[in-house]
Amino acid sequence: MKNLKNALLLKQLYQLKQLGFNYTSVFPYKEEESNLLLPNTLEKLKKQALECHLCELSKSRTHVVFGEGDPHAALMFVGEAPGSSEDSMGKPFVGRSGELLTKMIENVLHLKRENVYIANIVKCRPPNNRTPTPIEAHTCQPYLLKQIELIKPKLIVALGATAYHYLTEDETPISKIRGILQQQENYTIIPTYHPSYLLRNPSAKKEVFDDLLKVAVLMKSKL
Ligand code: URA
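Description of the structure in this document. (Residues numbered from 1 in each chain as written. Predicted model: local features only at pLDDT ≥ 70, side-chain atom pairs only at ≥ 80, totals over all residues. Heavy atoms only, no water.)

1. Structural notes on the site of the ligand
Lining the immediate surroundings of the ligand are Gly79, Glu80, Ala81, Glu86, Pro92, Phe93, Ser97, Asn120 and His194. In this structure, Glu80 approaches the ligand through a main-chain N or O atom, which is 2.7 Å from an oxygen atom. The side chain of Asn120 places a nitrogen or oxygen atom 2.8 Å from a nitrogen atom of the ligand. In isolation the ligand offers 240 Å² of accessible surface; the protein chains occlude 93% of this area. Across the shell around the ligand, the residue classes break down as 3 nonpolar, 4 polar and 2 charged. (Near = heavy atom within 4 Å. Polar contact = N/O pair within 3.5 Å; in protein donor to acceptor, adjacent residues only side chain to side chain. Areas by Shrake-Rupley, 256 points an atom, 1.4 Å probe, with all protein chains shown as cover. Nonpolar A, V, L, I, M, F, W, Y, C, P; charged D, E, K, R; others polar.)

Pasting the structure below:
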């Protein structure tokens, strides 16, 4: 899923499936492919994402939360979707779970938040903080994949089941898969619990601490 054309095609196929179609010989999307390729710089990509209206979430958002951090970060965190604080500020992880994530980055990894990159699976807030639908996640995914392609992180920490699932297509429950390193073509992924889960279940902090120790070792080894 490298460009918006594929995302739009997938979105339209999902919509047709929801309407009851099992098969279509019609190619539903006809726009010129060149209009749908994503730009090759982070700044231009951000500009395009800020103007995005490809899914329903664009109607209720206040701000698009593109992501922030070091554009050359070796370490990237991917969460699920902006919440209300993020939606009002246009920045990822700035609410209560963001405070916890920042503490994890600073106190466990001994890094500055601005030296990593933080993004989400979807860039606009789902109403009532519900989980993004597959259509929303797949429609937004090309932006994240392009961010990853441009930033070139060595290690991605997938925060929670949604981030892990859409980054890998693996549906193994997060409780079974957390802490297990997975080598992808250009980077390694380590899934762990989402900070908002930790706010609800503080006893799971120990497991996330263990996962972050692995991250620290990998970062020191320069991978
Ligand atoms: N939760 C997320 O998954 N992402 C954010 O940016 C904030 C809360």
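2. A closer look at the pattern of salt bridges
Under the counting rule described, the total for this entry stands at 9 salt bridges. With its nearest N and O atoms 3.1 Å apart, the salt bridge here joins Lys59 to Glu56. Accessibility assignment for this pair places Lys59 and Glu56 in one class, exposed. Residues joined in a network through salt bridges with shared partners are Glu68, Lys91 and Arg113. (Salt bridge = Lys/Arg side-chain N within 4 Å of Asp/Glu carboxyl O. Buried < 20%, exposed > 50% of the residue type's maximum accessible area, 1.4 Å probe, protein only.)

3. Thoughts on the sheet that holds strand β2 (residues 75-79)
A sheet is described by the order of its strands in space; here 6 strands give the open sequence β1-β3-β2-β4-β6-β5, paired in mixed fashion. Looking at strand neighbours, the two that pair on one side only are β1 (68-69) and β5 (182-183), the edges of this open sheet. As defined by bridge partners, β1 adjoins strand β3 (residues 117-120) across 2 bridges and the pair is classed as antiparallel. Looking across to β3, one finds that Glu68 is bridged to Ile118. Sitting on the sheet, helix α10 (residues 205-220) is in contact with β2, β4 (155-159) and β6 (188-192), with an inclination near 160 degrees to β6. (Pairing = 2+ DSSP bridges. Helix = DSSP H or I, 4+ residues; strand = E, 2+ residues; numbered from the N terminus. Contact = heavy atoms within 4.5 Å. Axes fitted to C-alpha atoms, helices over the stretch in contact; angles between N-to-C directions.)

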